[in-house]
Amino acid sequence: GQIADLGNARFNLLRYQQIQFGLTFGGDSAHGDYGFSFSLLKGEKNIALDIDRANLTTSADGTTIDLDLAMDLRQSDTAKTGPGALNGFGASFDLFYEIPYLTWYNEGVFRLDIFDLGLIRWNNQSMYLKKDTVYNYSGIEINSISDLQNQTIPSASAESIVNKNANFSLEPYTTFLPSVFSVSATTYYGKKFIFEKGMSYRFNANCRPYYYGNFSWVCAPAVVVSAIVAYGGYGNFNAGAELEAKILKHYTLHIDSYY
């Protein structure tokens with residue numbers, strides 16, 4: 001006798017391989033450092049599900065179930081799977097810019113980053129399914145339990161039911177990457193303390209803005225301890241701690257824990 005609202009849902013699984021080329025340029029106190037990179041992308045797999053409406057209704061006496069469904073499903077070629085699958089091509093860009101600043105006699109760095117700004121075009125073997133319909137299930141009627149026949153209980157498998165109701169068409173489509181925009185400011189209080197605060201946002205990913213603060217203590221020439229607090233992203237309140245130590249000449253040990 002109630003309705004379960006399963007709509008307004010988005011799902012996007014994206015898997016690809018990337019080769020990247022980049023350049024960085026050193027600046028001065030007036031212009032700062034900047035850099036950019038260009039990436040070629042090989043699309044391996046994508047499943048993009050967009051459910052606008054999905055109302056599941058069960059009758060008060062439990063005899064029927066109705067599903068009112070409106071959805072779009074796009075999926076890359078299912079015949080080619082694994083890291084070697086070539087189901088699409090794409091490109092993306094990264095760039096950063098940072099400039100030093102001085103506040104209350106303390107030096108700092110302001111930094112702007114953009115990651116994975118690009119897209120992937122999936123080939124013409126990609127599948128598309130659009131549904132706007134109502135499904136009804138009213139159970140199985142058995143007149144006599146002592147006279148069961150093979151025809152009484154359907155033998156259809158879940159796969160055959162899906163194939164009967166899911167008529168895919170083949171057509172190419174484009175996926176925009178879940179690119180990231182990030183801005184931060186890092187202030188150095190002498191040689192012992194560092195305070196970084198910033199914000200990042202991931203586009204095309206059903207994600208909220210992520211705000212964070214990172215306070216670090218250089219407790220030894222080669223050891224840094226940090227505490228982090230944050231809010232947003234895919235959660236609410238976040239907190240964590242990090243320990244970073246330089247060992248030998250070319251190695252760094254990094255340990256972190258987040259909640």
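My aim in this report is to walk through the structure given alongside it, one point at a time. (Residues numbered from 1 in each chain as written. Predicted model: local features only at pLDDT ≥ 70, side-chain atom pairs only at ≥ 80, totals over all residues. Heavy atoms only, no water.)

1. Considerations on the pairing of strand β13 (residues 223-232)
Then comes step 1: Across 10 bridges, strand β12 (residues 210-220) lies against β13 in antiparallel orientation. Bridging across to β13, Gly 213 finds its partner in Val 229.
Then comes step 2: In textbook terms, the turn of a hairpin is the stretch between consecutive antiparallel strands, and for β12 and β13 this stretch comprises 2 residues.
Then comes step 3: Note that β13 and strand β14 (residues 237-247) share 9 bridges and pair antiparallel. (Pairing = 2+ DSSP bridges. Helix = DSSP H or I, 4+ residues; strand = E, 2+ residues; numbered from the N terminus.)

2. Some thoughts on the nonpolar core
Then comes step 1: Formed by Ile 47, Ile 51, Ala 54, Leu 69, Met 71, Leu 73, Leu 129 and Ala 166, the largest nonpolar core amounts to 8 residues.
Then comes step 2: At the level of elements, β3 (33-58) and β4 (65-75) are the ones that each hand at least two residues to this core.
Then comes step 3: In this structure, Leu 41, Ile 120, Trp 122 and Tyr 173 belong to the second largest nonpolar core, which totals 5 residues. (Core = buried A, V, L, I, M, F, W, Y, C linked by side-chain atoms within 4.5 Å. Buried < 20%, exposed > 50% of the residue type's maximum accessible area, 1.4 Å probe, protein only.)

3. As for the pairing of β4
Side-chain direction in a regular strand flips from residue to residue, so the side chains alternate between the two faces of the sheet.
Then comes step 1: Note that β3 and β4 share 11 bridges and pair antiparallel. Looking at the pairing, Thr 57 lines up with Asp 66 of β4.
Then comes step 2: Counting the residues in the hairpin turn of β3 and β4 gives 6 residues, including Gly 62, whose phi is positive at 75 degrees.
Then comes step 3: With 11 bridges connecting them, β4 and strand β7 (residues 127-137) associate as antiparallel partners. Bridge pairing in β7 places Leu 73 opposite Leu 129.

4. Brief notes about the packing of aromatic side chains
Then comes step 1: Applying the stated criterion across every chain yields a total of 7 aromatic pairs.
Then comes step 2: Taken together, Phe 25, Tyr 34 and Phe 36 form an aromatic cluster joined through their ring pairs.
Then comes step 3: Sitting over the face of the ring of Tyr 128, Arg 74 holds its NZ or CZ atom 4.0 Å from the ring centroid. (Phe/Tyr/Trp six-rings, centres within 6.5 Å; stacked < 30°, edge-to-face > 60°. Lys NZ or Arg CZ within 6 Å of the ring centre and 35° of its normal.)

5. A few points about the pattern of salt bridges
Then comes step 1: Counted by the stated rule, this structure contains 9 salt bridges.
Then comes step 2: Salt-bridge contacts for Asp 52 lead to Arg 10; the nearest nitrogen and oxygen are separated by 3.3 Å. A residue pair is termed long-range when its members are at least 10 positions apart, and Asp 52 in strand β3 and Arg 10 in strand β2 (residues 9-25) qualify at 42 residues.
Then comes step 3: Of the residues examined, Arg 10 reaches a relative accessible area of 37% and is grouped as partly exposed.
Then comes step 4: A salt bridge links Arg 111 to Glu 98; its shortest N-O distance comes to 2.8 Å. Separated by 13 residues along the polypeptide, Arg 111 in strand β6 (residues 106-122) and Glu 98 in strand β5 (residues 88-103) bring together distant segments of the chain. (Salt bridge = Lys/Arg side-chain N within 4 Å of Asp/Glu carboxyl O.)

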